[in-house]
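Here is how the chains run, residue by residue.
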Amino acid sequence: MIPQSKGKMYLSDERGYNEMPWFRTYNTFNFGRYFNEHKQPFGALYVLNEDVLAGGKGFRMEIESPADIILLPIVGAITFATDQGHCGLLEAGQVQVLHLTPNTAFEVRNPYENDLVKFLQLWIHTPTGQSTLTTFDLSHKDLLHSLIHNDTYTLSVGKFNGRAETSYPLKDKNKGVFVFNIEGAFEVQYRLLHNGDGLGLWEVAEVELEALSNDAIILLLEVAL
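For clarity, every value in this text was computed on a predicted model and none was experimentally measured.

Draft legend 1. Spotlight on the overall build of the chain. Helix and strand counts for the chain stand at zero helices and 21 strands. Relative to the globule expectation of 17 Å for 225 residues, the C-alpha radius of gyration of the chain, 17 Å, shows essentially globular dimensions. For the chain, the spread of C-alpha atoms along the three principal axes comes to 50 × 35 × 30 Å. Taking all 225 residues of the chain together, 52% fall into the buried category. Sequence-distant contacts, at least 24 apart, represent 69% of the contacts inside the chain between residues at least 6 apart.

Draft legend 2. Expanded view of the sheet that holds strand β4 (residues 45-53). Pairing within the open sheet is antiparallel, and its seven strands lie in the order β2-β3-β4-β11-β6-β9-β12. With partners counted over all chains shown, the strands left at the sheet margins are β2 (16-20) and β12 (132-135), one partner each. The sheet shows a mean angle of 15° between the axes of neighbouring strands, direction not considered. In this sheet, strand β11 (residues 117-125) lies alongside strand β6 (residues 67-75) in antiparallel orientation, the contact comprising eight bridges. Its bridge partner lying in β11, I70 is registered against L122.

Draft legend 3. Geometry of the environment of L133. Tracing the sequence through the fold places L133 in strand β12. Judged by relative accessible area, which is 46%, L133 ranks as partly exposed. Apart from residues no more than four positions distant in its own chain, L133 is found in contact with L90, Q94, V95 and Q96.

Draft legend 4. Region of interest: the pairing of β4. A large share of β4 lies buried, amounting to nine of its nine residues. Pairing between strand β3 (residues 23-27) and β4: five bridges, direction antiparallel. Bridge pairing in β4 links R24 to V52. Pairing geometry for β4 and β11, over eight bridges, is antiparallel. Note on β11: the bridge partner recorded for V52 is K118.

Draft legend 5. Main features of the environment of V204. Relative to the elements of secondary structure, V204 occurs in the loop between β19 (198-202) and β20 (206-211). Accessibility expressed as a relative area gives 9% for V204, which makes it buried. Between the C-alpha atom of V204 and that of T126, which follows or precedes it by 78 residues, the distance is 23 Å. Ignoring anything within four residues of it in the chain, the contact list for V204 reads S5, L170 and Q189.

Draft legend 6. Examining the pattern of salt bridges more closely. Summed over all chains, the structure comprises six salt bridges. Across the salt bridge formed by K118 and E50, the nearest N and O atoms sit 3.9 Å from each other. Here the residue K118 occupies a position in strand β11, and E50 occupies one in strand β4, the gap between them amounting to 68 residues. You can call K118 partly exposed: its relative accessible area is 26%. Using a relative accessible area of 8% as the deciding quantity, one classes E50 as buried. In this structure, the salt-bridge partner of R60 is D83, at a minimum N-O distance of 2.9 Å. Pair noted here: R60 is in strand β5 (residues 58-63) and D83 is in the loop between β7 (77-82) and β8 (87-91), with a separation of 23 residues, a long-range link.

Draft legend 7. The nonpolar core, seen in detail. Membership of the largest hydrophobic core comes to 27 residues, with the highest contact counts inside it found for I70, L219 and L221. Here the element with the most residues in this core is strand β21 (residues 216-223); it accounts for four residues. Residues within four places of L221 in sequence aside, it is in contact with L45, L122, I124, Y153, T154, L155, G176, V177 and F178.

Draft legend 8. Geometry of the side chain of T28. Along the chain, the position of T28 falls in the loop between β3 and β4. Owing to a relative accessible area of 1%, T28 belongs among the buried residues under this scheme. Residues contacting T28, with those up to four places away along its chain left out, are Y10, R15, K39, L48, F178 and F180.

Here is what the cut-offs are and how they apply
Residue numbers restart at each chain and count upward from 1, following the sequence in its written direction. Selection of residues for local features in this predicted model requires a pLDDT of at least 70, selection of side-chain atom pairs for listing and counting requires 80 or more, and totals for whole chains, interfaces and linings are taken over all residues. The side-chain figures draw on all heavy atoms in the structure; neither hydrogens nor water molecules are used. Runs of E in the DSSP output that reach at least two residues are strands. Runs of H or I that reach at least four are helices, and both are numbered from the N terminus. Atoms counted for the radius of gyration: C-alpha only. Globule rule: 2.2 Å times the number of residues to the power 0.38. Relative accessibility thresholds used throughout: buried, under 20% of the residue-type maximum; exposed, over 50%; partly exposed, between the two (1.4 Å probe, protein chains only). The contact criterion used throughout is that any non-hydrogen atoms of two residues lie within 4.5 Å. Note on pairing: two strands pair once DSSP finds at least 2 bridges between them. Only the stretch in contact is used when fitting a helix axis, every axis being a line fitted to C-alpha atoms; angles between N-to-C directions are given from 0 to 180 degrees. The working definition used for a salt bridge is a side-chain nitrogen of Lys or Arg within 4 Å of a carboxyl oxygen of Asp or Glu. As used in this record, nonpolar core signifies buried Ala, Val, Leu, Ile, Met, Phe, Trp, Tyr and Cys residues forming a set joined through side-chain atoms within 4.5 Å.

Laid out in structure tokens, this is it:
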């Protein structure tokens, strides 16, 4: 019998969805007007949105509690700015952490006039922190790139060839791991994940994964529960 670790699937087609002429968003957890009693936060991770912005458009969001906002472009680039004056351009292959205090806001915009951009935003309850920019190169395949590490969470991303395997040993056995499939197909802890699927795992010492398609991209977040 295959051993099953404790976990919960967050299927792509069960995500919250909101669309306007210039913006669309898919919400893995409860967000805005979307609420599902089964889509509560996974530990300190309470927002995971996949967003698409039309050319020249943007939005502004306010934070109610101390949090790290992680911005990860998938297609194209975005600009960002905070109330504290931290701003910049963020391209694919970069990840930006914005640490915000209560009742402050950040803004994201599409710098292109005619092209769509696609990006992920993750919000993680984090008492203290600092804004940082990390650059990575996914042309180095079949391994997980550790991008961010602090007391609350560790963020890793990897791109894999079909049938490539790897494992992720947890740095803290008291934490859980949230896996998000960005592109392609994976088997993670004997569970099948397609584009946009998520998987929360807990009481696990190591996460095993295998890519089932070429150029498959996956995100792992080891996070406080």
